[in-house]
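Structural overview for review
The primary structure of each chain is shown beneath.
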Amino acid sequence: MPTIAALLKNADLPDSPSPRVDSEWLLAAALDKPLSYLRTWPEREVPAEAAERFAASLARRRQGEPVAYILGRQGFWSLDLEVAPDTLIPRPDTELLVETALDVLPASVTARVLDLGSGTGAIALALAIERPAWRVLGVDRIEAAVALAERNRQRLGVRNASFMASDWFVGLADARFALIVSNPPYIPSSDPHLTQGDVRFEPRSALVAGDDGLDDIRLIIDQAPQHLEADGWLLLEHGYDQADAVRALLIAQGFVQVRSRTDLGGNPRVSLGRLASNLPVPEEGGDAH
Ligand code: GLN
């Protein structure tokens, strides 16, 4: 029987940007062991059944399928989430949106929070876990995504989050929130990245938003004021080159304290604004920082 080390050495993933890590995750899953097991016991022999499961997973990965879909699992924030091809795979980039949301409202307030396009539930569940006093609602147009997020909620035992089907604000009647967050689709339809790598396997509706990628962001900014409490915040993830456009849209819609936050790579990837109440609110200008 081949050893762990031999199987990893011979795993051939020529098109993957991360062949070693991919192989490790797939072999650990085939063995039903944590990653640390592979590194601790490289000389252990792998039973034939596990080796076959590993070979089948490698074949899928060679066809380009994302590791997260093969495993049906993806880590995000502190959470281990079930993922499925009905939704976007949660990305580390989106942790900036979570961090920003945690910063804008005091932890202790009993705030109502909305996550638009909740997908796996990653953002809503991270916020609910970090802020037990908040009540977080995640909505998604895709019923299968709502069911997936609900499974994640139940498995993680999160009581202050819930999920329902809604096409953006359509199903929300006149509900209002102190904070609305969203990682909407924002890729321009002609972006060449859509034909490369993992995104080919993700739902186009979760990625693409019109010619400039801003169709859904425009709709959300347009309609958010009807669903925000006075002084409520709107936070949006967007592409690295869309911050100026998103801040301009927020300002044009009358949001104040409009600004962007940069990720670890220095790119502005989240923009936010506050609904102007009747009271004067200090303007912080539109500079990214
Ligand atoms: N950041 C993702 C990507 O570039 C897109 C996520 C999104 O459209 N919301 O692959």
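Small disclaimer: the values here were computed from a predicted structure and weren't measured.

1. Observations concerning the pattern of salt bridges
- Within this structure, the stated rule accounts for 16 salt bridges.
- Among the ionic pairs, Arg61 bridges to Asp22, the shortest N-O distance being 2.9 Å. Highlighted residues: Arg61 in helix 4 (residues 48-62) and Asp22 in helix 2 (residues 19-31), separated in sequence by 39 residues.
- Several salt bridges converge on common partners, so that one network encompasses Asp93, Glu237, Asp263 and Arg269.

2. Side note on the packing of aromatic side chains
- In the structure shown here, the tally under the stated rule is 0 aromatic pairs.
- Of note, Arg44 hangs over the ring of Trp41, and the distance from its end group to the ring centre comes to 3.8 Å.

3. Some points on the UniProt feature "domain: Release factor glutamine methyltransferase N-terminal" (unreviewed entry) in the chain
- Taken from the UniProt record, the annotation "domain: Release factor glutamine methyltransferase N-terminal" (unreviewed entry) applies to residues 8-72.
- Taken end to end, residues 8-72 is 65% helix and 0% strand, and its two terminal C-alpha atoms sit 21 Å from one another.

4. Some details on the UniProt feature "binding site: substrate" (unreviewed entry) in the chain
- In the numbering used here, UniProt assigns the "binding site: substrate" (unreviewed entry) feature to Asn183, Pro184, Pro185 and Tyr186.
- Within the element layout of this structure, Pro184 appears in the loop between strand 6 (177-182) and helix 9 (215-223).
- Setting aside anything within four residues of it in sequence, one finds Pro185 in contact with Trp168, Ser205, Ala206, Leu207, Val208, Ala209, Gly213 and Asp216.

5. Remarks on the site of the ligand
- Taken together, the neighbourhood of the ligand is formed by Leu88, Arg91, Asn183, Pro184, Pro185, Tyr186, Ile187, Val199, Ala206, Leu207 and Arg269.
- The separation between a nitrogen atom of the ligand and a polar side-chain atom of Asn183 is 2.8 Å.
- Relative to its unbound accessible surface of 300 Å², the ligand loses 84% to contact with the protein.
- Here the residues of the shell around the ligand are counted per class, giving 8 nonpolar, 1 polar and 2 charged.

6. Brief notes about the sheet that holds strand 7 (residues 228-237)
- Strand order in this open sheet of 7 strands is 5-4-3-6-7-9-8, and the pairing throughout is mixed. Unpaired on one side and paired on the other, strand 5 (161-165) and strand 8 (255-262) mark the two borders of the sheet. Each adjacent strand pair in this sheet contributes to an overall mean axis angle of 20°, direction not counted.
- Relative to strand 5, strand 4 (residues 135-140) is paired through 5 bridges, and the arrangement is parallel. Note on strand 5: the bridge partner recorded for Val136 is Ala161.
- Across the sheet, helix 7 (residues 122-130) is in contact with strand 3 (112-116), strand 4, strand 5 and strand 6; its angle to strand 5 comes to roughly 155°.

7. What about the nonpolar core?
- Core analysis: the biggest nonpolar cluster contains 33 residues, and Leu105, Leu127, Trp134, Val136, Leu179 and Leu235 have the highest contact counts within it.
- Of all the elements in the fold, those that place two or more residues in this core are strand 2 (79-82), helix 6 (95-104), helix 7, helix 8 (143-156), strand 5, strand 6, strand 7 and strand 9 (268-275).
- Element by element, the count of residues in this core is highest for helix 7, at 7 residues.
- Membership of the second largest hydrophobic core comes to 30 residues, among which are Ala175, Leu207, Leu214 and Ile217.

8. Brief notes about the packing of helix 2 against helix 4
- Running from N to C, helix 2 and helix 4 cross one another at 140°; their axes reach a closest spacing of 8 Å. Crossing angle aside, the handedness with which helix 2 passes helix 4 is right-handed. Mapping the contact onto sequence places Asp22, Ser23, Leu26, Leu27, Ala30 and Leu31 in helix 2 and Ala50, Arg53, Phe54, Ser57, Leu58 and Arg61 in helix 4.
- Considered class by class, the residues forming the contact of helix 2 with helix 4 number 7 nonpolar, 2 polar and 3 charged.

Analysis parameters
- Residues numbered from 1 in each chain as written.
- Predicted model: local features only at pLDDT ≥ 70, side-chain atom pairs only at ≥ 80, totals over all residues.
- Heavy atoms only, no water.
- Salt bridge = Lys/Arg side-chain N within 4 Å of Asp/Glu carboxyl O.
- Helix = DSSP H or I, 4+ residues; strand = E, 2+ residues; numbered from the N terminus.
- Phe/Tyr/Trp six-rings, centres within 6.5 Å; stacked < 30°, edge-to-face > 60°.
- Lys NZ or Arg CZ within 6 Å of the ring centre and 35° of its normal.
- UniProt positions renumbered as here; feature names shortened; annotations may be inferred.
- Contact = heavy atoms within 4.5 Å.
- Near = heavy atom within 4 Å.
- Polar contact = N/O pair within 3.5 Å; in protein donor to acceptor, adjacent residues only side chain to side chain.
- Areas by Shrake-Rupley, 256 points an atom, 1.4 Å probe, with all protein chains shown as cover.
- Nonpolar A, V, L, I, M, F, W, Y, C, P; charged D, E, K, R; others polar.
- Pairing = 2+ DSSP bridges.
- Axes fitted to C-alpha atoms, helices over the stretch in contact; angles between N-to-C directions.
- Core = buried A, V, L, I, M, F, W, Y, C linked by side-chain atoms within 4.5 Å.
- Buried < 20%, exposed > 50% of the residue type's maximum accessible area, 1.4 Å probe, protein only.
- Left-handed = near helix turned anticlockwise from the far one by under 90°.

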